[in-house]
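# Observations on chain architecture
Listed here are the chains, written in short residue letters.
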Amino acid sequence: MSWQQRIDSALAQRQAASALRRRQAVAQGAGRWLMAEGQRYLNFSSNDYLGLSQHPQVIAAWQQGAAQFGVGSGGSGHVSGYSCAHQQFEDQLAQWLGFPRALLFISGFAANQAVIAALAMKDDRIVADRLSHASLLEAASLSPAQLRRFAHNDASELQRLLAKPVGGQQLVVTEGIFSMDGDSAPLADIGRITRDAGAWLMVDDAHGIGVSGDEGRGSCHQQQVQPDLLIVTFGKGFGVSGAAVLCSETVADYLLQFARHLIYSTAMPPAQAVALQAALAVIRSDEGRARRETLARHIAFFRAGAAALDVALTASSSAIQPLIVGDNARALHMAGALREQGCWATAIRPPTVAQGTARLRLTLTAAHTTDDIARLLEVLDAAS
Ligand SMILES: *Cc1c(COP(=O)(O)O)cnc(C)c1O
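Model, not experiment: these values are computed from the prediction. Sequence positions are assigned chain by chain, starting from 1 and proceeding in written order. The predicted nature of this model means local features are confined to residues of pLDDT at least 70 and side-chain atom pairs, given and counted, to a pLDDT of 80 or more, with totals for whole chains, interfaces and linings taken over all residues. As a rule here, side-chain values cover all heavy atoms of the structure and leave hydrogens and water aside.

### Some details on the nonpolar core
In plain words, nonpolar cores are sets of buried Ala, Val, Leu, Ile, Met, Phe, Trp, Tyr and Cys residues tied together by side-chain atoms within 4.5 Å. Only protein chains enter the accessibility calculation, which uses a 1.4 Å probe; a residue whose area is less than 20% of its type maximum is buried, one above 50% is exposed, and one in between is partly exposed. In terms of nonpolar packing, the biggest core is built from 82 residues, with Phe234, Phe238, Phe302, Leu338, Leu360, Leu362 and Leu380 touching the most fellow members. At 9 residues, helix H11 (residues 270-284) tops the list of elements feeding residues into this core. Whether two residues are in contact is decided by their heavy atoms: any pair within 4.5 Å suffices. Discounting residues that sit within four places of it in the chain, Phe238 has contacts with Leu52, Phe89, Trp96, Ile209, Thr233, Leu276, Ala279, Leu280 and Ile283. Grouped together as the second largest cluster of nonpolar side chains are 29 residues, Leu103, Val115, Ala139 and Leu262 included. Helix and strand assignments follow DSSP, with helices taken as H or I runs no shorter than four residues and strands as E runs no shorter than two, numbered in order from the N terminus.

### So, the UniProt feature "binding site: substrate" (unreviewed entry) in the protein
UniProt positions are given in the numbering used here, feature names are shortened, and annotations may be inferred rather than shown by experiment. Following the UniProt record, one finds the feature "binding site: substrate" (unreviewed entry) at Arg21, His133 and Thr352. One can find His133 in the loop between strand S4 (125-129) and helix H5 (134-142). Look past the residues within four positions of His133 in its chain and what remains in contact with it is Phe109, Glu175 and Ser179. Looking at the secondary structure, you find Thr352 in the loop between strand S13 (346-348) and strand S14 (358-363). Assessed through its relative accessible area of 37%, Thr352 is described here as partly exposed. Apart from the residues lying within four places of it in its own chain, the contact partners of Thr352 are Arg21 and Met180. At a separation of 2.9 Å, a polar atom in the side chain of Thr352 contacts the side chain of Arg21. We call two N or O atoms a polar contact when they sit within 3.5 Å, provided that within protein one can donate a hydrogen and the other can accept it, with sequence-adjacent residues counted only if both atoms are side-chain atoms.

### Comments concerning the site of the ligand
Any residue with at least one heavy atom within 4 Å of a molecule or strand is counted as near it. Around the ligand there are 13 residues in total, and Gly108, Phe109, Asp204, His207 and Lys236 lie nearest to it. Measuring from an oxygen atom of the ligand, one finds a backbone N or O atom of Phe109 at 3.0 Å. Lys236 has a polar side-chain atom sitting 2.6 Å from an oxygen atom of the ligand. For the shell around the ligand, the element with the most residues is helix H4 (residues 108-119), which contributes 3 residues.

Below is the structure:
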C-alpha cells in the first residue's frame, strides 16, 4: 500500500464507522456561551469548569504580564526561558498543594509523557487504570517498562497485579476524576495498596484541580492521599493552559535532568504564568468557593432532572456528566438535535472511549445559570 492509499483507507474506515473527527472553528469556545457560525449556543462542552477563562482579573493579569515580560519566554527553561513569574507560580503551587516542589510544563500531555519517559526503565512495571488518559497510556506503552492495566477503579485487581514478581520498580498510575466518565478514583485504597507494595503512585488530577476539595486543592487533598507524583493541568478548572508536576525535591531535580520536554522545549510564556497566579488567587478566594458551590448546585440539579429521562448517567458527581448512548450514530444524532435547540455538546466515540459506549459528554460549569441547566434538561428530554 502506498502512503496515499494507506491514508485514504484509514479515513474511509473512520467515515464508515461514523467516527471521522472534524473540528469546528468557533468564535468563542470556553465560558457560558459557545459562538459559532454567527450563532450563540449554551456551551456544555468546555472544561472551563469554573468559568475562569473569561475572568476579568485573569485576563488583566495576562495583559499586564505581556506588557512586563513580552509575549514569549525566549527559550527553554534551562537556557533563559525560566522567569521569576514561573518561579513564583511554582512556589505558590507547591505551598498550596503541600509538596516540596512544583515544575511547570507546557501541557498535561507533555507532563505525563515527560514524567513517565524519565522514570520508567526496562524491568519496571507500570500498573495503570484501564481508563487512564491517552497521554498516560501512550507514554507507558512507549516506555521500556512493562504496562499492565487494571479494571477501572478496581483496587483489588491493582493489588493482584502489584503482587506479581517484577525485576525493577513499580509505578501505579491513575486519575483523580476520569475525563470521559466523570467518576472518581478510590484514591485512599489505591494509595494504601501502592504503599504496601513498595510502589510509587502517580495521580493525574486534570479534572479535579481547582474544582474539588477545600480551596480547590483537588481529588488527592479531598481523599487525604499524598501521591509521589501529582499532575495538575491548567486548561480546565484554571481556565488557562499548561500543567505542573508536584513532587519531592529530589524528583524535581531528577526531572530537570531527564525530562526531555523540559529541556528541549520553549518554556511557557511568562505572561501565562502571571495569568495562572491570578487564576490560582481566584480559586483560593471566597469567590472561588462560591463558584465551586454554584457548580455543585448545577450538578445536583442536572442529575436529579436527568434521572427522569430515558438516558444512562454515569456514577459521576463531577462537572463531567456523560450520557452513555452506545451507538456512534445515535450519539451524533443527539448532539445534532441539541445543537438545533441552541445547546452545544460533543459526541465522544471510539477509540476515545470503548466500542459500544459512545456518549454525549456534557460538562457543567459555574458560568452557567440554573435556567441554563433547566433548558438543557428540557432539550435532552425532547432529544432522547
Ligand atoms: C486534559 C487531560 C490531559 C491533557 O492536559 P492538557 O494540558 O490539555 O494537555 C491529561 N490528563 C488528563 C486526565 C486530562 O483530562
